[in-house]
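# Overview (structure and organization)
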Amino acid sequence: MSAMDHYKVFYRAVKTGSLTKAAEELYMTQPSASYAIRQLEEQLGAKLLVRRSKGVEPTGEGRVLFDYVERAFGLLQAGERKIGEMKSYGAGIVRLGASDSLCKHYVLPLLESFRARYPGIRIQLSHGKSEDIAKRLAEGAVDCGIVHLPAGDGARITASRPIRDCFAAGPAFAELAAKPIEWRELARQPFVLLSASSRTRTFLRAWMQSHGAEIEPDIELGSVDLLVEFAAKNIGVCFVTRDFIRRELESGELIEIRTVEPIPERSIGVVSAPGASLSIAASLFVDELSRHIASG
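### Quick word on the overall build of the protein
In terms of regular secondary structure, the protein is built from 11 helices and 12 strands. Its C-alpha atoms give the protein a radius of gyration of 32 Å, more than 25% over the compact-globule value 19 Å for 296 residues. The dimensions of the protein, computed from C-alpha atoms along their principal axes, are 105 × 35 × 30 Å. Across the 296 residues in the protein, those meeting the buried criterion constitute 42%. Per element, the accessible surface of the protein, about 15,800 Å² overall, is 51% carbon and sulfur. Taking the 38 positively charged and 37 negatively charged side chains of the protein as two groups, their mean positions are separated by 7 Å.

### Side note on helix α5 (residues 100-117)
Helix length check: α5 (18 residues) gives 24 Å between terminal C-alpha atoms against 26 Å at 1.5 Å per residue, within 8%. A bend of about 55 degrees at V107 is the largest found in α5, and the proline P109 appears one to four places after it. Of all the residues in α5, the buried ones are S101, L102, C103, Y106, V107, L110, L111 and F114.

### Here we look at the environment of T16
Following the sequence through the fold, T16 ends up in helix α1 (residues 3-16). Sequence separation between T16 and G55 is 39 residues, and the spatial gap between their C-alpha atoms is 8.9 Å. With sequence-adjacent residues up to four places away left out, T16 is seen in contact with K21, A22 and E25. Reaching out from T16, the side chain makes a polar contact with the backbone oxygen of R12 at a distance of 2.7 Å.

### A few points about the nonpolar core
With 39 residues, the main nonpolar core has Y106, V107, I146, I245, F285 and L289 as its most contacted residues. Ranked by the residues each element gives to this core, the list is headed by α5, at 7 residues. Discounting residues that sit within four places of it in the chain, I245 has contacts with C166, A168, V228, V240 and L254.

### What to know about the sheet that holds strand β4 (residues 121-127)
Pairing between the strands of a sheet comes from backbone hydrogen bonds, and it takes one of two forms, parallel or antiparallel. The 5 strands lie next to each other as β4-β3-β5-β12-β6, forming an open sheet whose pairing is mixed. A single partner strand is all that each edge strand has here, and the edge strands are β4 and β6 (156-163). Adjacent strand axes in the sheet meet at a mean angle of 20 degrees, parallel and antiparallel pairs treated alike. The pairing of β6 with strand β12 (residues 266-272) spans 7 bridges and is antiparallel. Looking at the pairing, S160 lines up with G269 of β12. Relative to the sheet, α5 contacts β3 (92-98), β4, β5 (144-148), β6 and β12, its axis offset from that of β4 by approximately 175 degrees.

### Quick notes on the packing of α5 against helix α11 (residues 280-295)
Working note: a packed helix pair is described by the angle between its axes plus the distance between those axes. Across the interface, α5 lies against α11 with an axial gap of 10 Å and an inter-helix angle of 135 degrees. Viewed along their axes, α5 and α11 adopt a mutual orientation that is oblique. Every pair of crossing elements has a handedness; the one defined by α5 and α11 is right-handed. Between α5, through Y106, V107, P109, L110, L111, F114 and R117, and α11, the contact on the second element is made entirely by L284, F285, E288, L289, H292 and I293. Grouping the amino acids of the contact of α5 with α11 by side-chain chemistry returns 10 nonpolar, 1 polar and 2 charged.

### Thoughts on the sheet that holds strand β7 (residues 165-169)
The strand order across the open sheet formed by 3 strands is β10-β7-β11, and the pairing between neighbours is antiparallel. Across the chains shown, the open sheet's two edge strands, defined by having one partner strand only, are β10 (238-241) and β11 (255-257). Taking each pair of neighbouring strands and ignoring which way they run, the sheet shows an average axis angle of 50 degrees. Together, β7 and β10 form the strand contacts of helix α9 (residues 224-232), whose direction differs from that of β10 by roughly 135 degrees.

### Points about the packing of aromatic side chains
Per the counting criterion, the structure on display carries 10 aromatic pairs. Geometrically, the ring pair formed by Y11 and F73 is tilted, given 5.1 Å between the ring centres and 50 degrees between the ring planes. Here Y11 is found in helix α1, whereas its partner F73 is found in helix α4 (residues 60-87), with 62 residues between them in sequence. Each member of the pair Y11 and F73 is classed as buried. Ring centres 4.9 Å apart and planes at 50 degrees place the aromatic pair F167 and F239 in the tilted group.

### Describing the pairing of strand β1 (residues 49-52)
Both β1 and strand β2 (residues 55-58) contribute to a ladder of 4 bridges, which runs antiparallel. Paired with L49 across the bridge in β2 is P58. Connecting the antiparallel pair β1 and β2 is a turn made up of 2 residues.

### Brief notes about the pattern of salt bridges
Summed over all chains, the structure comprises 15 salt bridges. A salt bridge links E288 to R117, with the nearest nitrogen and oxygen atoms 2.7 Å apart. On the criterion of sequence distance, the pair formed by E288 in helix α11 and R117 in helix α5 is long-range, its members being 171 residues apart. On the basis of relative accessibility, which here comes to 10%, the residue E288 falls in the buried class. For R117, a relative accessible area of 42% corresponds to the partly exposed category. The partner of R246 in a salt bridge is D243, with the nearest N and O atoms 2.4 Å apart. Since its relative accessible area comes to 39%, R246 is described here as partly exposed. Judged by relative accessible area, D243 falls into the partly exposed class, the value being 23%. Among the ionic contacts, a cluster of salt bridges with common partners joins R161, D243 and R246.

Rules used throughout
- Numbering of residues starts from 1 in every chain and runs along the sequence as written.
- Whole-chain, interface and lining totals are the exception, using all residues; otherwise, since this is a predicted model, local features are given only for residues with pLDDT of at least 70 and side-chain atom pairs are given and counted only at 80 or more.
- Excluded from the side-chain calculations are hydrogens and water; all other atoms, namely the structure's heavy atoms, are used.
- Helix and strand assignments follow DSSP, with helices taken as H or I runs no shorter than four residues and strands as E runs no shorter than two, numbered in order from the N terminus.
- We compute the radius of gyration over the C-alpha atoms and compare it with the globule rule, which gives 2.2 Å times the number of residues raised to the power 0.38.
- Only protein chains enter the calculation, and the probe is 1.4 Å; a residue is then buried if its accessible area is under 20% of its type maximum, exposed if over 50%, and partly exposed in between.
- Accessibility throughout is a Shrake-Rupley quantity obtained with a 1.4 Å probe, and a residue counts as covered only by protein chains that appear here.
- Asp and Glu count as negative and Lys and Arg as positive, but His and the ends of the chain are not part of the count.
- For charged residues, the charge sits on one atom: NZ in Lys, CZ in Arg, CG in Asp, CD in Glu.
- By definition here, a helix of n residues has an expected span of 1.5 Å times n minus one.
- In this scheme, the bend at a residue equals the angle between the axes fitted to the seven residues that finish there and the seven that begin there.
- Every residue pair with non-hydrogen atoms within 4.5 Å of one another is taken to be in contact.
- Under the rule applied, a polar contact is a pair of N or O atoms within 3.5 Å (in protein, one hydrogen donor and one hydrogen acceptor; residues adjacent in sequence only if both atoms are side-chain atoms).
- Among buried residues, those of type Ala, Val, Leu, Ile, Met, Phe, Trp, Tyr and Cys that are joined through side-chain atoms within 4.5 Å constitute a nonpolar core.
- Paired strands, as defined in this entry, are two strands with at least two bridges between them according to DSSP.
- To define axes, lines are fitted to C-alpha atoms, for helices over the stretch in contact only, and angles between the resulting N-to-C directions are given on a 0 to 180 degree scale.
- An angle below 35 degrees is read as roughly parallel, one above 145 as roughly antiparallel, one from 65 to 115 as roughly perpendicular, and any other as oblique.
- Crossing chirality is assigned from the near helix's rotation relative to the far helix, an anticlockwise turn below a right angle marking it left-handed and a clockwise turn marking it right-handed.
- Think of it as three bins: nonpolar holds Ala, Val, Leu, Ile, Met, Phe, Trp, Tyr, Cys and Pro, charged holds Asp, Glu, Lys and Arg, and polar takes everything else, Gly as well.
- A pair of aromatic rings is counted whenever rings of Phe, Tyr or Trp (Trp by its six-membered ring) have centres within 6.5 Å, and the orientation is called stacked for planes under 30 degrees apart, edge-to-face for over 60 and tilted otherwise.
- Whenever a carboxyl oxygen of Asp or Glu lies within 4 Å of a side-chain nitrogen of Lys or Arg, that contact is scored as a salt bridge.

Shown next as structure tokens:
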């Protein structure tokens, strides 16, 4: 019989006022219950219960101990209830990492339906560039993330999908959209681009260098939404993931500029740390986000 069993006997004996009832509730014999109390008293070096004609009652030391034991068992029961809630997806926390743009266009559509189905699960969003999210994942600061691939060493990819980038500008640049244009003509235009350290800008730089071309932007911005707004105001040509500007292209606020040499596809993916022990809530979210991303 473990020390925890001794405390259970003591707790039920005080609650019921009877060692016999305590033994019955714990499915043990009355001698076993009496032995558990003796063991606990010897361990603590104090008399805990006294026998009366109608049962048992705690001594002064027993009442002090009971206050602590009652609180301890209350916490254990609360913990068991919480685990039960988590198993039924009634509680839990998911720590998600994503850039603002990836979250807005690929995660937000899922979040609305997920929160409606699992209102007890909290989503804690940590935003940043793909490299930042991969680092937080490795450090255990987030459970999962959605990033531009490749994700770096140590990340487990649970789903991926291709994305296509494009050049776009406001109506003032309409003549450039008449037909695919050469690099030399495109490079002469004013550009509004994301910051040099962004994954999108790194991809663009590498691709252009492979064609012997360079672009020096007139303006650098840290927000895709601001980038799109500047381009729509005819400030310059932007380079952005096409999914991000689908509405603006359909409405005519932006016009796509095609190049003679097609822009290669990139990929985004849902990542989690390999071998990580995800919570029940986090595992559920990763599965749902992975299906959402893979289905496109």
